[in-house]
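# A look at the structure
These are the residues of each chain, in order.
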Amino acid sequence: MSKNAFIFILLSAILFVSCEQQQRPTGMVSPSPEAFIRISGPDLIKPDGNKLFIKGTNLGNWLNPEGYMFGFSKTSSPGRINQMFCEMAGPDFAAEFWKQFKDNYITREDIGFIASTGANTIRLPFHYKQFTDEDYMGLTVDQDGFERIDSAVKWCRDNNLYLILDMHDAPGGQTGDNIDDSYGYPWLFESEISQQLFCDIWRKIADYYKNETVILGYDLINEPIAPYFENMEELNGKLEPLYKRVTKVIREVDTNHIILLGGSQWNGNFKPLKDATFDDKIMYTCHRYGGDPTQEAILGFINFRDSVNLPMYMGEIGHNTDEWQAVFCKTMEENNIGYTFWPYKKKDGSSFMGITPPENWPIIIDFSEAPRSSYKEIREARPDQQVARKAMSDFIEASKFKNCVVQEGYIKSLGLQVK
């Protein structure tokens, strides 16, 4: 081998290794524990030693569609929405719709805008099916959970935002309502198979993101155990054991990230959570919509937080007047409870960004509300194919950042700004 050929091969190898190192995800690097958000009593501490008071929003509807954000009422959960789109426009068109929806509903521009308001944290709801081979939003074996979250991680990193990963829909369903895309009961707490899958998915996610400092923590399950069931107290008793089980599994691969625990009955009842010592990186997350915006309304959350001396964070709040929100934000700041308002974007207002539905969108809403319990009813209710498909495509166009309406009053009511 000539000297020049040897040098060429050597330089090529060095270049290849260099490129490989640049392409490696953040998870390949092992930062020090101090690089992650830490807990000190009821406070969150940033790597620079300063306190983090969470202010931000939720990326609802992007990876976890909810009917009311499209203007639907009866067709309320991801599975029902997909079923309706398939009945109306065909499964192949519905699959393409979902791809375009995920590509355009939240983009780098949206994350940049959120950061420009002064927000520091985003909560990202996702469906467990995005990490399985089950049918979800037009995909099966080629699910894109990591791909979509990776995009959000990169955009947040570029904009100095923290990200909370929220399993909004757990295997079997943790709530028993449309919120978790379930079958009307929190089967997660009755099924060993669902619980094992729940643990397996969180372990996979934690292993993948264990070294990602942009991620603040893992919100294990959203709003567990709705208050509708006669055996509610029995179900409540199964919540903390499941939290302990999945936390143990996560800690096998990830000792860096905070674990977020929500109370039962819409993240409002913390009485079932009796042990705050089973892990050294726990914070609690409450939700609340409506009612009195003064301290009296959240006194139960404050008292629980003080009793365990760990952080409490309002993961969801919103759907109210700007005046109400301004008062409640002041109440939360005075009581050291950070917040992410729900949601960032949806049809019309009560969010950071409002989507103005396209001209023919009422046709889609009419079909979503029509009786469709038999094939005859589906045939009779189905609108013209071309009109329906155009309306669906136009909705995606309307949801793009450039076409949304900035809800300035809403944003300012949260103690944020519009530049």
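Everything below is about the structure shown above.
Here's what I pulled together on the structure shown here. (Residues numbered from 1 in each chain as written. Predicted model: local features only at pLDDT ≥ 70, side-chain atom pairs only at ≥ 80, totals over all residues. Heavy atoms only, no water.)

### A few points about the nonpolar core
- Counting residues in hydrophobic clusters, the biggest one holds 110 residues, and the most contacted among them are Phe85, Leu165, Phe198 and Trp202.
- Ranked by the residues each element gives to this core, the list is headed by helix 6 (residues 192-209), at 7 residues.
- Not counting chain neighbours up to four residues away, the residues in contact with phenylalanine 85 comprise Phe72, Gly90, Ala94, Phe97, Trp98, Ile364 and Met392.
- Among the nonpolar cores identified, the runner-up in size contains 11 residues, and Ile37, Tyr162, Ile164 and Leu260 belong to it. (Core = buried A, V, L, I, M, F, W, Y, C linked by side-chain atoms within 4.5 Å. Buried < 20%, exposed > 50% of the residue type's maximum accessible area, 1.4 Å probe, protein only. Helix = DSSP H or I, 4+ residues; strand = E, 2+ residues; numbered from the N terminus. Contact = heavy atoms within 4.5 Å.)

### Details of the packing of aromatic side chains
- Inspection of every chain in the model, using the stated rule, returns 36 aromatic pairs.
- Ring plane angle 90° and centroid distance 5.6 Å describe the contact between tryptophan 98 and phenylalanine 101, whose orientation is recorded as edge-to-face. Of the two residues, tryptophan 98 and phenylalanine 101 both sit in helix 3 (residues 91-104), 3 residues apart, roughly one turn of that helix. This pair shows no difference in class: tryptophan 98 is buried, exactly as phenylalanine 101 is.
- Of the aromatic side chains, those joined through ring pairs into one cluster are Phe70, Phe72, Phe85, Phe97, Trp98, Phe101, Tyr105, Trp361 and Phe395.
- The cationic tip of lysine 345 hangs over the ring face of tyrosine 105; the distance from NZ or CZ to the ring centre is 5.2 Å.
- Positioned over the ring face of phenylalanine 367 is arginine 372, at 5.2 Å from the centre of the ring. (Phe/Tyr/Trp six-rings, centres within 6.5 Å; stacked < 30°, edge-to-face > 60°. Lys NZ or Arg CZ within 6 Å of the ring centre and 35° of its normal.)

### Thoughts on the environment of alanine 95
- Summarising the element assignment, alanine 95 is placed in helix 3.
- Owing to a relative accessible area of 25%, alanine 95 belongs among the partly exposed residues under this scheme.
- Taking C-alpha positions, alanine 95 is 34 Å from lysine 55, a pair spaced 40 residues apart along the chain.

### Here's the deal with the sheet that holds strand 2 (residues 43-45)
- An order of 1-2-3 is seen for the 3 strands of this open sheet, with the pairing classed as antiparallel. Strands at the two margins of the open sheet, each flanked by one partner only, are strand 1 (38-40) and strand 3 (51-52).
- Direction of pairing for strand 2 relative to strand 3: antiparallel, over a ladder of 2 bridges. Within the sheet, the bridge partner assigned to isoleucine 45 lies in strand 3 and is lysine 51. (Pairing = 2+ DSSP bridges.)

### What about the sheet that holds strand 12 (residues 345-347)?
- With mixed pairing, 3 strands are arranged side by side in an open sheet as 12-13-14. With partners counted over all chains shown, the strands left at the sheet margins are strand 12 and strand 14 (405-406), one partner each.
- Note that strand 13 (residues 353-355) and strand 14 share 2 bridges and pair antiparallel. Bridging across to strand 14, glycine 354 finds its partner in valine 405.

### Focus: the pairing of strand 11 (residues 338-341)
- Burial of the side chains of strand 11 extends over both faces: Gly338 and Thr340 are buried on one face and Tyr339 and Phe341 on the other.
- One ladder, built from 2 bridges, connects strand 10 (residues 312-316) with strand 11; its direction is parallel. Within strand 11, the residue paired with tyrosine 313 across the bridge is glycine 338.
- A crossover connection joins strand 10 to the parallel strand 11 through helix 11 (residues 322-334); in handedness this β-α-β unit is right-handed. (Right-handed = clockwise from strand over helix to strand, strands pointing away.)

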